[in-house]
Each structure stands twice: as structure tokens, then as C-alpha cells.
Amino acid sequence: MDRYAKWKQRELLLILFYAVAFYAYALRISLRLSHDHYLKLRGLAPGWLIPSRRNDVSDAQWRNFRGNLPILSFVFAVFTVIANGSRSLFKLKAKGMAILWLSLSLVYLAYLHGACVIYILSIATANFLLVKVFARKKFFPFMLWAFNLFFLLCNRIYEGYSFSIFGRQFEFLDSFRGTFRWHICFNFVVLRMISFGYDYHWGQLDSHFDQEKHVTRCSLCKLGKTCYVVRQEKGVASDSSCSFTLYLCYLVYAPLYLAGPIISFNAFASQLDVPQNTHSVKDVARYGLRWLFSFLLMELMTQFFYYNAFVISGLWRELSPVEIFIVGYGVLNFMWLKFLLLWRYFRFWSLVNGIETVENMPNCINNCYSLETFWKTWHASFNRWLIRYMYIPLGGSRRKFLNVWVVFTFVAVWHDLEWKLLSWAWLTCLFFMPEMLLKSASNAIKVQSAFGEFLLRELKALSGAVTITCLMMANLAGYVIGPSGLSLFVSSFLSTEGMSEGQRFSVLVYVHCVNVYPFDIVGLPVIGGVFFSFYVGTKLMFHIQDLRSGVHNPSFETPCVSTEMKKLLLSLTLFGLTLLILPVNGIMEFDEMEWFTSFNGTKVFKTESDVYSEAKFPMVGLTLIQSAAAKGAVCLDGSLPGYHLHRGFGSGAKNWLVQLEGGGWCDTIRNCVYRKTSRRGSSKYMEKNMPFTGILSDKAAENPDFYNWNRVKVRYCDGGSFSGDSENKAAKLQFRGKRIWLAAMEDLMAKGMRQAKQALLSGCSAGGLAAILRCDDFGDMFSPSTRVKCLSDAGFFLDAIDVSGGRSLRRLYAGVVKLQNLETKLSKDCLNRLNPTSCFFPQNLINQIKTPLFILNAAYDSWQIQESLAPKSADPSGSWHDCRLDYTKCNATQIQFLQGFRTRMVNLIKGFAKPSKNGVFLNSCFAHCQTERHDTWYSQNSPAVNKKGIAVAVGDWYFERGGAKLIDCAYPCDKTCHNLVFRG
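What counts, and where the lines are drawn
- Residues numbered from 1 in each chain as written.
- Predicted model: local features only at pLDDT ≥ 70, side-chain atom pairs only at ≥ 80, totals over all residues.
- Heavy atoms only, no water.
- Helix = DSSP H or I, 4+ residues; strand = E, 2+ residues; numbered from the N terminus.
- Buried < 20%, exposed > 50% of the residue type's maximum accessible area, 1.4 Å probe, protein only.
- Contact = heavy atoms within 4.5 Å.
- Pairing = 2+ DSSP bridges.
- Expected span 1.5 Å × (residues − 1).
- Axes fitted to C-alpha atoms, helices over the stretch in contact; angles between N-to-C directions.
- Disulfide = S-S within 2.5 Å.
- Phe/Tyr/Trp six-rings, centres within 6.5 Å; stacked < 30°, edge-to-face > 60°.
- Lys NZ or Arg CZ within 6 Å of the ring centre and 35° of its normal.
- Parallel < 35°, antiparallel > 145°, perpendicular 65-115°, else oblique.
- Salt bridge = Lys/Arg side-chain N within 4 Å of Asp/Glu carboxyl O.
- Patch = residues over 30% accessible without salt bridge, like charges linked within 9 Å, V, L, I, M, F, W, Y side chains within 5 Å.
- Areas by Shrake-Rupley, 256 points an atom, 1.4 Å probe, with all protein chains shown as cover.
- Lys, Arg positive; Asp, Glu negative; His and termini not counted.
- Polar contact = N/O pair within 3.5 Å; in protein donor to acceptor, adjacent residues only side chain to side chain.
- Core = buried A, V, L, I, M, F, W, Y, C linked by side-chain atoms within 4.5 Å.

## What to know about the overall build of the protein
So, step 1. Counting its regular elements, the protein contains 36 helices and 19 strands.
So, step 2. Considering the protein as a whole, with its 984 residues, one finds that 58% of them fall into the buried category.
So, step 3. Counted over contacts in the protein with a minimum sequence separation of 6, partners at least 24 positions apart contribute 76%.

## As for the pairing of strand β7 (residues 655-660)
So, step 1. Counting buried positions over the six residues of β7 gives six, a clear majority of the element.
So, step 2. The two faces of β7 match: N655, L657 and Q659 on one face and W656, V658 and L660 on the other face are all buried.
So, step 3. Pairing of β7 with strand β12 (residues 758-764), which is carried by six bridges, proceeds in the parallel orientation. Among the inter-strand pairings, Q659 is bridged to a residue of β12, identified as S762.
So, step 4. As paired strands, β7 and strand β9 (residues 710-714) are joined by five bridges and run parallel to one another. Within β9, the residue paired with L660 across the bridge is V714.

## So, helix α27 (residues 737-750)
So, step 1. Here α27 contains 14 residues, and its C-alpha end-to-end distance of 20 Å stays within 8% of the 20 Å for a straight helix at 1.5 Å per residue.
So, step 2. Among all positions in α27, only G737, I740, W741, A743, A744, M745, D747, L748 and M749 are buried.
So, step 3. Buried residues in α27 make contact with β6 (642-646), β7, β9, β11 (733-735), β12 and α29 (775-779).
So, step 4. Looking one or two places after α27, you find G752, whose phi comes out positive at around 120 degrees.

## Concerning the sheet that holds strand β13 (residues 787-793)
The pairing of strands in a sheet comes from backbone hydrogen bonds and takes either a parallel or an antiparallel form.
So, step 1. One open sheet accounts for 10 strands, arranged β8-β5-β6-β9-β7-β12-β13-β14-β15-β18; its pairing is mixed. Sheet topology places β8 (689-691) and β18 (965-967) at the edges, where each strand pairs with a single neighbour. Going across the sheet, the axis of each strand differs from the next one's by a mean of 20 degrees, ignoring polarity.

## Points about the state of the cysteines
So, step 1. If you walk through the whole model with that rule in mind, you get eight disulfides.
So, step 2. One disulfide bridge connects C925 with C977, the sulfur atoms lying 1.9 Å from each other. With the S-S dihedral at roughly -75 degrees, the linkage between C925 and C977 falls on the left-handed side. Separated by 52 residues along the polypeptide, C925 in the loop between β15 (919-923) and α35 (934-937) and C977 in the loop between β18 and β19 (978-982) bring together distant segments of the chain. Each member of the pair, C925 as well as C977, carries the same accessibility label: buried.

## Observations regarding the packing of aromatic side chains
So, step 1. Under the criterion given, the structure shown has 75 aromatic pairs.
So, step 2. Both rings, one in F76 and one in Y345, keep their centres 6.4 Å apart while their planes meet at 45 degrees; by these two values the pair is tilted. Taken together, the residues span a long stretch of sequence, with F76 in helix α2 (residues 60-90) and Y345 in helix α15 (residues 321-352) at a distance of 269 residues.
So, step 3. Its relative accessible area of 2% is what places F76 among the buried residues.
So, step 4. A cation over an aromatic ring shows up here: K338 above the ring of F339, its NZ or CZ 4.6 Å from the ring centre.

## Digging into the packing of helix α10 (residues 244-252) against helix α12 (residues 265-273)
So, step 1. Axis separation between α10 and α12 bottoms out at 10 Å; the angle between their running directions is 110 degrees. Taken as axis vectors, α10 and α12 run roughly perpendicular relative to one another. Contact with α10, carried on its side by L246, Y247, C249 and Y250, involves F265, F268, A269 and L272 of α12 and no other residues of that element.

## A word on the pattern of salt bridges
So, step 1. With the rule as written, the count across this model stands at 29 salt bridges.
So, step 2. Between R177 and D174 there is a salt bridge, and its shortest N-O distance comes to 2.9 Å.
So, step 3. Salt bridges sharing common partners tie together E661, R679, R680, E687 and R715.

## Some details on α15
So, step 1. Between its terminal C-alpha atoms α15 stretches 47 Å, which fits the 46 Å expected from 32 residues at 1.5 Å a residue.
So, step 2. G354 sits one or two residues past α15 and shows a positive phi near 90 degrees.

## Remarks on unusual backbone geometry
So, step 1. A cis amide bond, omega 5 degrees, links G260 with the succeeding residue P261.
So, step 2. Position of P261 relative to the elements: it lies in the loop between α11 (254-257) and α12.
So, step 3. Cis geometry marks the peptide bond from Y971 to P972; its omega dihedral reads 15 degrees.
So, step 4. Mapped onto the elements of the fold, P972 is located in the loop between β18 and β19.
So, step 5. Phi is positive for H379, which is not a glycine, with a value near 55 degrees.
So, step 6. Tracing the backbone through its elements, the reader meets H379 in the loop between α16 (371-377) and α17 (380-391).

## Focus on a nonpolar patch on the surface
So, step 1. A surface patch of nonpolar side chains, amounting to about 640 Å² of accessible area, comprises W48, L49, L289, L292, F293, L296 and L300.
So, step 2. Examined against the element boundaries, F293 turns out to sit in helix α13 (residues 281-304).
So, step 3. Taking the relative accessible area as the measure of exposure, F293 reaches 55% and is therefore exposed.

## Considering the side chain of D793
So, step 1. Note that D793 resides in strand β13.
So, step 2. Within the buried set, D793 has no salt-bridge partner at all; the shortest N-O distance to an opposite charge, 8.9 Å, is to K713.
So, step 3. Only 2.8 Å separates the side chain of D793 from the side chain of T931, close enough to count as a polar contact.
So, step 4. Ignoring anything within four residues of it in the chain, the contact list for D793 reads G763, C764, S765, G768, L856, C929, Q930, T931 and E932.

## Examining the pairing of strand β14 (residues 853-858)
So, step 1. A large share of β14 lies buried, amounting to six of its six residues.
So, step 2. Here β14 shows two buried faces, one formed by L853, I855 and N857 and the other by F854, L856 and A858.
So, step 3. Where β13 meets β14, four bridges bridge the pair, whose relative direction is parallel. Within β14, the residue paired with L791 across the bridge is F854.

## Points about the nonpolar core
So, step 1. The biggest cluster of nonpolar side chains holds 142 residues, and the ones touching the most others in it are W101, Y108, Y257, W385 and F410.
So, step 2. For this core, the element with the most residues is α15, which contributes 20 residues.
So, step 3. Apart from the residues within four sequence positions on either side, F410 is in contact with W145, L149, L152, L191, F382, W385, L386 and M390.
So, step 4. In this structure, Y716, C775, L812 and L898 belong to the second largest nonpolar core, which totals 82 residues.

## Topic: the side chain of D861
So, step 1. In this fold, D861 is placed in the loop between β14 and α32 (862-869).
So, step 2. As a buried residue without a salt bridge, D861 has its nearest oppositely charged side chain in R933, at a separation of 11 Å.
So, step 3. Separated by 3.0 Å, the side chain of D861 and the backbone nitrogen of Q864 make a polar contact.
So, step 4. With sequence-adjacent residues up to four places away left out, D861 is seen in contact with A794, F901, C925, A927 and H928.

Below is the structure:
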């Protein structure tokens, strides 16, 4: 055994050397990844900790928390002063504190949810009555679960319910729904309602908790303090103690309402009466200081490593296998630190107010090599809730193999109704099975020799490496890239060195369509390297456990190696072990590029996400159209389509603005297969919340004519401008744009658009083309008394000759028309005159449209310059490279060519502009989509023609207040342009 102990010491030195070397290498490579690709990433904002670097705020949950941190802290500080001051001044106990905190919390909820507080109080009241009436019945647990699961599912399916479903007289309340979706927060309320029900139910029975026995084992109780377990198990049995006021206070207690940690009813009620005494003022202050240091660590991390932005931007799909793994692992670490900060922040304010909760993140995410230990320390309060109120009532360890599936399925459904979460739950359960079997087997083994101990230790390290791999796969599938993304992740390991591009695509289609994987792949060495790193990391965890227990030679022990240092070393080491690198060239989409905005020649560095984050625009939630699947109205990958709806108010409550999202087209099977793994082809990857800016803004100062209308953003996921109706079964592609359009309109009609007094259909880019294609369809949906008009922004795509003499855009459109079976779906008037491809071009459609139409376009449209006039395929020599990205670098010949393009656009639009019903705003700018950005739509320096800005011109045309036929002089006469300059 002495020889084995010495070997373990040498092994530890080797592992530490390996870890430190890889960690140093990992830092350099991780920095290079962020540096090389930051121009292509969405969700980066200017940094404040290090002003010269950008900050990754692409995660909506983190961005919202971070942005609201000052006001949250101020509100909780005020509440704390009022609550603690009143307790001391008036000697308040449970009843008085319940009334006080309920009053403060309802003020908090009124701001968050507005009129939707009615829903929360109504469901909570019904649950209280159910508990009081049926708590002594044997079937009570079934009733409690059925009631709460019913509302958990209905709240999500019906997106928090519209007040209009209860009658038109209540429809006005939809304009006062607050700033935060109530049904999202209600998930935590459901857990509290079940906790109250069970605690009250068990309070009527004889308690099996042996407090005297517990005190002999609990270190806190031995010191004369009251631990959390005693508070939870002691119970509040009497009817008088379980008052409606105390119950409501528990459900909506402000410091824990938004995110927890979760606390049982018994523990909460006992501490409301007698505040916690396990943490001194000094302990709580130290806890807050540690949170502040963790927050600074997060800021530092997100300014150097843009892991989450890679996922949000979809750029991870373009990376090599190892780089994808780096990003995935980085995102998991980001998620851990994000949740740690969220939960500890709210726990801190709860502690300050005398309510102790379970610590949600007691361990670092990297300090775990078993699934059971991981789930005990990730969202630990939820884990305890599940064990107390679900796992044990289901039979506990007697039915462990069955209960695990039930519990994790509930966890997935509780989070959200998404297939990727169910995939996460069932993958986790699948991985749990062998671990439980191996654990039982290893506990039965009696090691009696050094070799036996060595062999058992090696087997445990290997199983730990397998567990870590499984955990990563399950969490990536559930919370990061989804099951289809996981398929793409696996397929990235199938690329063979030396394959042609066509062969690589065949492999991708093979994986997606057949779901069988070949084995002659170069990804195996990468998988092997990653697995070995996890193996080494698991061995390091064993050594840390030995150091804590003093198993190593005493000479190895040193008082300088603190527990915190060991945790830090472990975290840094495991992170470093997995970071390897291979070179990659990313593919950059137009709408995800970083750009300069030029105001009168002054270039200001901006990104789309900066515009959102700096202006603090409202974030509007995504609504999936549940009825769409039955109609075959699905995205490219078969997922449900959706839209974002921000309700109107006041004089605009009966008016509707529907904007169709843009985002290019896919003209080949290959392009569409790639597209369906992005937000442009699947709702699985769409942002859950979207900022409403420009024409969608709810502020009169930014959107004077439409700010109080019902504003809708219909998401684009069909690749054919809401026009196609076909499928490709072999590639599992659905081209159902026309059906999506109809399903969205039917859903909106049912939500009040049918009674619209005024309606405007708009769209940008591919959505602008869709606004033209669907304009008369939109007009036919309303009664003659409704004012209906259409607006196309950057959707006037010309059938133009490119720099090589060909027609690049015509080739693209021909592919779209053929692939999506548009030959019979386009305008019949046009098809009688021209071929189907020509009838996809707006220039051949606009003069036949009956509904009033406004065309807003830049004469030197940036997208058309880059993809239609001078695409790379038409410019093999690269002579147009600089000009297509930066108009200031165009030579005289190139400018002359662009002037010819403008002249053709002006000539085509002049005939359309003659009827009084139509409007035009054609400015001589190098821009694309000018209604969606607040700086171009309506601001002090927004683009103007004849001193009339875009928003004013559109408003004058829509409300018939004056002329709106504005055609700018040729470049470079316009000094108001917000010209776009791109970096290659």
C-alpha cells in the first residue's frame, strides 16, 4: 500500500502539470476564438469593465437581469428597510409580517404583471380552497397534482390567456399586462402551491420526525440554532396558523418570487414568525461581498469569451468539432455562473429579511463526476422539493428506476413545453440507469489489495469520464442547441479529411435523414482526446477528495491549500483540459454582420444588438401558433411557426400593424437543410423574446403614428417569403410559407384583428417582398370600412444585370420558385404574362396590386449590391470586393455602374407612384431595412428626402395627410443617410 500511496503522489504531480499546461494553452486559444469571430456574432455590446472590449449579453435572461439590477436592488432595499423597521418598531410576528410582506409583494407584482395579477390571485385562491376542503382525504395528493399540472400546462399553451376570451368588455385589460409575462413566473408559484398543500396535508397527520435524534446529529442544532430541516419538518398544523394571508404571502414573497430559491411552506412560515438565526449579520454581509466578486468575474468572463454569442448567432454550426465542443462547454460554464448569480442575489435579499433558503449552487459545475451528485447540487432547492413532494410520495428508492423517469419528465415540462427539454430529461434518465447499477455493484465490492484499489479507482475514473460526457450531451441538447442541433454536433465529427464539399454534404444529409453514423471518421481522435481529458479531470477530483480526507502522505498536506483554492484549481483545470483548437473559416450572413453607420461621413461603430441594448426597448415574447400543425403550417424542420404580439392601448387598441420578418431565401436542398438548423428555418432556435424597435416601438417619441397600435412581428422560417406550399420528404423539408401566413392571420383575427378599424401590413427585405406578394390577400381579410394598406421596406428587388453580365438574383429566385413549387402560387395576372421566376420580382407585380402600397427603398440597397449586383460568384477577380463592402472605396467606373442601377429602379417606380393611393420613399443611401431601426425610422437625424423623414412620410401617406411621393437625387447629394459599411 505504501508503494501505491507514493504512486498516487507522483500521479497527482503529473495530473497537475498536465492541467496547468492545458489551462494556459486554453486561455490563449479561447481568446483567439472570440477575437477571430467577434465581427460575426450577435448580442455583443460595449463593455464597461474593459471599455476597449465588447461584452457578451446575448443571453436574454442574463441581459434582462443585468439591465434591471439597479432598480431591483433599489426596490428590495426599500422593502427591506420597511419590513425590518416595522418588525422592530411594532414587534410584528407571523401574522403582521405576512400582511406587510403581502402588501409590498402585491405592489411588486402589479408592476411586473399589471392586470394579470388577477389570474395569479384567482388560481391561488382556488388552490387554497381545494387544500382546505380536501386535505384530510386519501385522494388529496392526486387532486393537488391534477389541479396544479392542469394550470401549469394551460398557462403555457394559452400564453397566459388573453382577457378578450372572457368578453369584449374585458379586452382593454390586455393593454395593461405589465412588463413581465406572469405565466413564466407562475411556474414557481405552482411549486409553492403544491408545497403548501402537502405541508398542510401532512400537518393533519402524525409527524414521523424525531427532533431529538436530529439534534444529536446536526452541528447547527447542537449550537442552539434552528436549522432549515427542523423548520421544514416541525410543521404548522393548525388551521389558524395556515391563514389565507400567510399562504398568499408565501406564494408571492417578493425577494424569492422571480427565481427562488424554492422554500417549503413550513420553513417560510416559521421564519416569518421568528427570523433565521443560523447566519449572523457578518455572515450575510460576507455572502453579499462574495456575490459582488462573482458578478465581476462574470463581467470579466463575458468580455473575453463570447461562448453564448456563438450559440445565439448560430455560428457554432460553422466551426470544427473541437471548437463546437469548446463553445458548448463554455456555455455550460456560463450557464452555471449565470444561475449562481441569479439565485444567490435573491437568496441574499431573503437572508437580509430573515428568511433562510437552501443554497442552490453549493458546488462548482466542474466539481462533479456522477449524475446523482450533480443533480443534488444544481438547483439544489428544486432537488430537495422534488425529493420531498414527488420522489418520496411516489415510493422513493423502492421504485427508483421508475421514479427517475417521472421526476425528470416533470422537471422538463415544468421548465417549458419543448421537445428539446424532454430530450434532455429522457437522455438524463437513460444515462442514470447504468450509473445506479454500477454504484450498487461497486458498493458491494470489498477491496483487499493495493492492486484491487488501483483497479477500482481506474474503473471509477473511466465511469466518471463517461458521466461527464453524458451530462454535457444532455445539457447541450436540452438548454443550448436542441436535439436537432445535437445531431448536427455529432455529424460534425463525421467529416473525413479530404472529402469534397459534395461528399461532406452527403454525410450531413445522411445523418439528418437516416440517423445512422458511419465509422470511418476523423472525429474519433477528437472524441478520444476529450474523453481522456475528462478521465484526467475525474482523477484530479479523486486526489482532491484524498487531500480533504488526509489519505495522502502527511508531508503532502499544507495549510496553504484551502478548500476554496482547491475548488478554484479544479474548475480551472477541468475547463482547460477540454479546450483544444483547430482552424476554421466562418460563414457570415448579411443580417448578422457587424457594420459601421455613417452619419454625414462620420463612422460610428455599431452592431444590431447595441441598438437594442442601449435604447432599452421592450422585449416581446414569442407566441407559437398551436393550431398551425393541424393545418400543415410548419417551418422548414416541421416545428411550429410563431409571432411576437405587443398589445395596443388607448386610441390605438383597435388598430393593427403586422410586420413580416425578413432573412433571405434558400434556393437549394443543401441550403435549406442548413437553414432549418437556424432561427430562419426552425422555431426551436428563435429568440424567446424580441426587442420592438422602429415602427414597432411603443413610445410616441420614437414611433408617433403607430406606437399604441397592436404591433405584431411574424417570424420567418419557410425560406420562400411566405409563399411556398410543398415538401421534400427525402431531406425532411417543409416549404409551407403560404400556410404559415394563413395560420398566423387566422390566429391574429381570433385575437381581435378581425375588428380592426385600421390595419397596416409591413415587412423588411424578404419580408418586404412578402408584404408585396401578400398585400391583396391581407386587404381581402377585412371589411370595406377598415382602412387597410401595405408597406414594403427594402423589398423592391430588381431583376438586374450583375457585374459579370449575368443575372445572379434571377438564378437565386429560379431556385426558390422551383424548390417551393411557386409556379402556380404566384399572381395569376402576372403568370398570364410572364414566367414564374419573373413573377417573383416586385417590378412585375406592383402595378397590379389593388390595395394601397408604399415602397420604401434605398436606391443603392446594400443587400442587392452584395448579393445581386456584385456577388463573389460574379466577381472572381475580387475587383468589387472593397466597393461592395464600403461605398467610399468604389472607383468612378463602379459608381457609374451603381448609378445605372439606381436609374433603373427610379424608372420602374415612377409608373407605380402615379396613382394617389400609392406612396414612395426612395433615398439615395447605401442601406437596407430602414423601418426596423429607431435611428433610421424616427430620430432627430433620421434619413430624409425634401426634409421629410421616413416615419413622417409613411404616416402622411397612411393617414392621407399630405404628399408622399419622395424620390431622392443621385449619390452623393443626400447628407442625411445612415450608410452601412461592412467589414469582410
